[in-house]
Amino acid sequence: MLDKAPDGKMSDLLNALDKALSAGEVESAVDLFQTDCYWRDLVTFTWNIKTMEGKEQVRDMLKARLADTKPSNWKIADGENASETDGIIESWIQFETEVARGFGHMRLKDGRIWTLLTTMSELKGHEEPLGFDRPMGAKHGAERNRKTWKEEREAETAELGYSRQPYCVIVGGGQGGIALGARLRQLNVPTIIVEKNERPGDSWRKRYKSLCLHDPVWYDHLPYLPFPRNWPVFSPKDKIGDWLEMYTKVMELNYWGATECKKASYDQKSREWTVVVQRDGKEVVLKPKQLVLATGMSAKPNMPKFEGMEIFKGDQHHSSQHPGPDKYKNKKAVVIGSNNSAHDICAALWEAGADVTMVQRSTTHVVKSDSLMELGLASLYSEQAVQSGMTTAKADLIFASLPYKILHEFQIPVYNAIRERDADYYKRLEKAGFLLDYGDDDSGLFMKYLRRGSGYYIDVGASELVANGSIKLKSGVDVKKLTEHSVILTDGTELPADLVVYATGYGSMNGFAADLISREVADKVGKVWGLGSNTTKDPGPWEGEQRNMWKPTQQEGLWFHGGNLHQSRHYSQFLSLQLKARMEGIPTPVYGLQKAHHLS
């Protein structure tokens, strides 16, 4: 008898899983999993973002959550087929719980579940108004004193935050806050986005003029409105700023620009926040139930303290405040740091005619942009992927389906291939004195980003300037002190300077929570970002997910949202559903609420 095709094998497994879970037979369900299995759940079972690693953790979760969740109707997703490669059978799947519809991905190894991704697609009875359910917009017929769409929007804008309170306040109106605001708008969750800059997109416009997205366009779409097919591969900062401004308008977001969030506090009894903002020269008090800090990983600049900074007579500032290179022609510039911003700023200063020295204090992972695109991203985020039928949503879910515990195993071969392809390039950089690394376990850029959010540069041109000496380099040293007109390094080198740029990165997002709410709340929540991998700048214990991002925290009603455009797009779906469920009074018992192990 011939073995069944992949569809048959996958369907048999799903039928067995459906039968076991419907009957509440936890042990029968657990027996369908490999010993080294991974179940990554985005909200559907855990009301959390959590990965269960191994059968014991799967068993514990099902014992705690199966009775409430009531999953059913597990099957291969409509219109999809299972496939088999190197003995691994995989398929898109769909299922339901008592309150939601789910979509996911499953991989089978030796006939049992190896990796399972379950994600919440929508809440039953609270679906987004899409397709046949889209709103009519302009109302046909005749009615006295009828308001136009414009009048309704003006009334909403005048009322929300004044005579009517929002359910949610998002602090931070960059791409993260805007993407989440768009999701919540579609779910009819009254939301105000608070942003200190005047216009949406200003967080991009006001940065140094050479700033651009180092990620390609296919990786960077926002929810609902993908970039046009003629959008450039790498978006200049001002073009992104204009897109965000347009997006905010057409998605009808309640965006309070030129508004500074002064303080926030939580009342445990009323279970609501008091958020004080300064708007139009007046103090406004908001009373949301949910507070989202979408200030981004670049919210709190790490400004170093060196002896002599107070006497230095030139310009000095953090990279986040860098105005651009134009006034530094023929000036001597010293840039402290060697990651993305440092390289971008050094290259722009050199182009403007400055004499530039980069001070590299520790090793940096560098990868050429075209190599990253072709070897690291092409299968999911590229024009070739689009032409082969890959969608942004599927690409996001495929990436999400690989558990963080083993993700580095998939990344190491990619970066080994890049090192082989670009061996001469790396030799030239090392010959120039540049200190390279490839991640603690040679797993490259994405793992560095997920673990620590720093320590890398996607080369869009500056590395050639370092290699050929156009950008001068001092590596393996630190700053000892500043004088009135120079920077003195720990090896005794004195660098004359008219400008010092501190491209020294950013602190944990809970530092913003400490400033806005209190140090007590920030410490209660703990460090934001990182996996607990016990690698450089990502201390253990192992978390298995990004700390405190897009999921409940130890502070009720406080959430963190952000990351790159890909993460802002993808995870805004799951954060918005968590907030919508709470607004509608749907029970949301959180399984595996993360503990705080690190304060910052």
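Residues numbered from 1 in each chain as written. Predicted model: local features only at pLDDT ≥ 70, side-chain atom pairs only at ≥ 80, totals over all residues. Heavy atoms only, no water.

Asker: Any chance you could explain the environment of Lys 287 here in plain terms?
Answerer: Of note, Lys 287 is situated in the loop between strand S13 (282-286) and strand S14 (290-293). At a separation of 2.8 Å, a polar atom in the side chain of Lys 287 contacts the side chain of Thr 274. (Helix = DSSP H or I, 4+ residues; strand = E, 2+ residues; numbered from the N terminus. Polar contact = N/O pair within 3.5 Å; in protein donor to acceptor, adjacent residues only side chain to side chain.)

Asker: Quick question: what am I supposed to make of the layout of surface pockets here?
Answerer: Unfilled space is identified by rolling a water-sized probe across the atoms. If you add up the space inside the second largest pocket, you get close to 970 Å³. Those elements that provide at least two residues to the lining of the second largest pocket are helix H4 (149-159), helix H5 (175-186) and strand S9 (191-194). Residues that form the lining of the second largest pocket fall into these classes: 16 nonpolar, 8 polar and 10 charged. (1 Å grid on protein atoms, 1.4 Å probe; cavity = no way out; pocket = protein on both sides within 12 Å on 5 of 7 lines; lining within 4 Å. Points joined across faces, edges and corners; volume = space filled by probe spheres on them. Nonpolar A, V, L, I, M, F, W, Y, C, P; charged D, E, K, R; others polar.)

Asker: Any chance you could explain the packing of aromatic side chains here in plain terms?
Answerer: Working definition: an aromatic ring pair is given by the centre-to-centre distance plus the angle between the planes. Applying the stated criterion across every chain, the model contains 22 aromatic pairs. With centroids separated by 5.0 Å and ring planes inclined at 85°, the aromatic side chains of Tyr 219 and Tyr 381 adopt a geometry described as edge-to-face. Pair noted here: Tyr 219 is in the loop between helix H6 (202-205) and helix H7 (237-250) and Tyr 381 is in the loop between helix H9 (369-377) and helix H10 (383-387), with a separation of 162 residues, a long-range link. Taken as a pair, Tyr 219 and Tyr 381 share a single burial class, namely buried. Look at Tyr 449 and Trp 529: their rings are 5.3 Å apart centre to centre, the planes differ by 70°, and that puts the pair in the edge-to-face class. On the criterion of sequence distance, the pair formed by Tyr 449 in helix H14 (residues 444-452) and Trp 529 in the loop between helix H17 (519-525) and strand S25 (558-560) is long-range, its members being 80 residues apart. Like Tyr 449, the residue Trp 529 is buried in the burial classification. Ring pairing ties together the aromatic residues Tyr 449, Tyr 456, Trp 529, Trp 550, Tyr 571 and Phe 574, which thus form one cluster. (Phe/Tyr/Trp six-rings, centres within 6.5 Å; stacked < 30°, edge-to-face > 60°. Buried < 20%, exposed > 50% of the residue type's maximum accessible area, 1.4 Å probe, protein only.)

Asker: What is the right way to read helix H1 (residues 6-22) from this model?
Answerer: Note on helix geometry: an α-helix contains 3.6 residues per turn, so any two residues three or four positions apart are oriented the same way. With 17 residues, H1 extends 24 Å from end C-alpha to end C-alpha; this agrees with the ideal 24 Å at 1.5 Å per step. Of all the residues in H1, the buried ones are Pro 6, Met 10, Leu 13, Leu 14, Leu 17, Asp 18, Ala 20 and Leu 21. Directly beyond the C-terminal end of H1, a positive phi value near 70° is found at Gly 24. (Expected span 1.5 Å × (residues − 1).)

Asker: What is the right way to read the sheet that holds strand S24 (residues 499-502) from this model?
Answerer: Backbone hydrogen bonds are what pair the strands of a sheet, in a parallel or an antiparallel way. The strand order across the open sheet formed by 5 strands is S15-S24-S16-S17-S20, and the pairing between neighbours is parallel. Each edge of the open sheet is held by one strand with a lone partner, namely strand S15 (315-318) and strand S20 (472-475). The sheet shows a mean angle of 15° between the axes of neighbouring strands, direction not considered. The pairing of strand S17 (residues 355-360) with S20 spans 4 bridges and is parallel. Residue pairing for S20: Thr 357 is matched across the bridge by Lys 472. Relative to S17, helix H8 (residues 340-351) is tilted by about 165°, and along the sheet it contacts strand S16 (332-336), S17 and S24. (Pairing = 2+ DSSP bridges. Axes fitted to C-alpha atoms, helices over the stretch in contact; angles between N-to-C directions. Contact = heavy atoms within 4.5 Å.)

Asker: Any chance you could explain the packing of H9 against helix H12 (residues 404-421) here in plain terms?
Answerer: Axes are the key here: two packed helices are described by the angle between their axes and the distance separating the axes. At a closest axis distance of 10 Å, the pairing of H9 and H12 adopts a crossing angle of 140°. On the basis of the axis angle, H9 is oblique to H12. Here the hand of the crossing between H9 and H12 comes out right-handed. On H12, the residues touching Asp 370, Ser 371, Leu 372, Glu 374, Leu 375 and Gly 376 of H9 are Val 414, Tyr 415, Ala 417, Ile 418 and Arg 421. Among the residues forming the contact of H9 with H12, the class breakdown is 6 nonpolar, 2 polar and 3 charged. (Parallel < 35°, antiparallel > 145°, perpendicular 65-115°, else oblique. Left-handed = near helix turned anticlockwise from the far one by under 90°.)

Asker: Looking at this structure, I do not really get the environment of Tyr 415. What am I missing?
Answerer: Within the secondary structure, Tyr 415 sits in helix H12. In this structure Tyr 415 comes out as buried when scored by relative accessible area, which is 1%. Through-space distance from the C-alpha of Tyr 415 to that of Val 367 is 8.7 Å; in sequence the pair is 48 residues apart. Beyond its immediate stretch of four places on either side in the chain, Tyr 415 contacts His 365, Val 367, Leu 372, Asp 442, Ser 443, Gly 444, Leu 445 and Phe 446.

Asker: Looking at this structure, how should I read the nonpolar core?
Answerer: Side chains of nonpolar character tend, in soluble globular proteins, to be buried together. Among the nonpolar cores identified, the biggest contains 132 residues, and Leu 291, Val 335, Leu 349, Ile 517, Leu 558 and Phe 560 are the most heavily contacted of them. Sorting elements by how many residues they give to this core places helix H18 (residues 565-583) first, with 7 residues. Each residue touching Val 335, except ones within four places of it in the same chain, is listed here: Ala 342, Ile 345, Cys 346, Leu 349, Val 356, Thr 357, Met 358, Val 359, Val 501 and Ala 503. Among the nonpolar cores identified, the runner-up in size contains 30 residues, and Cys 37, Phe 45, Ile 93 and Leu 108 belong to it. (Core = buried A, V, L, I, M, F, W, Y, C linked by side-chain atoms within 4.5 Å.)

The values are spatial; any link to function lies outside them.
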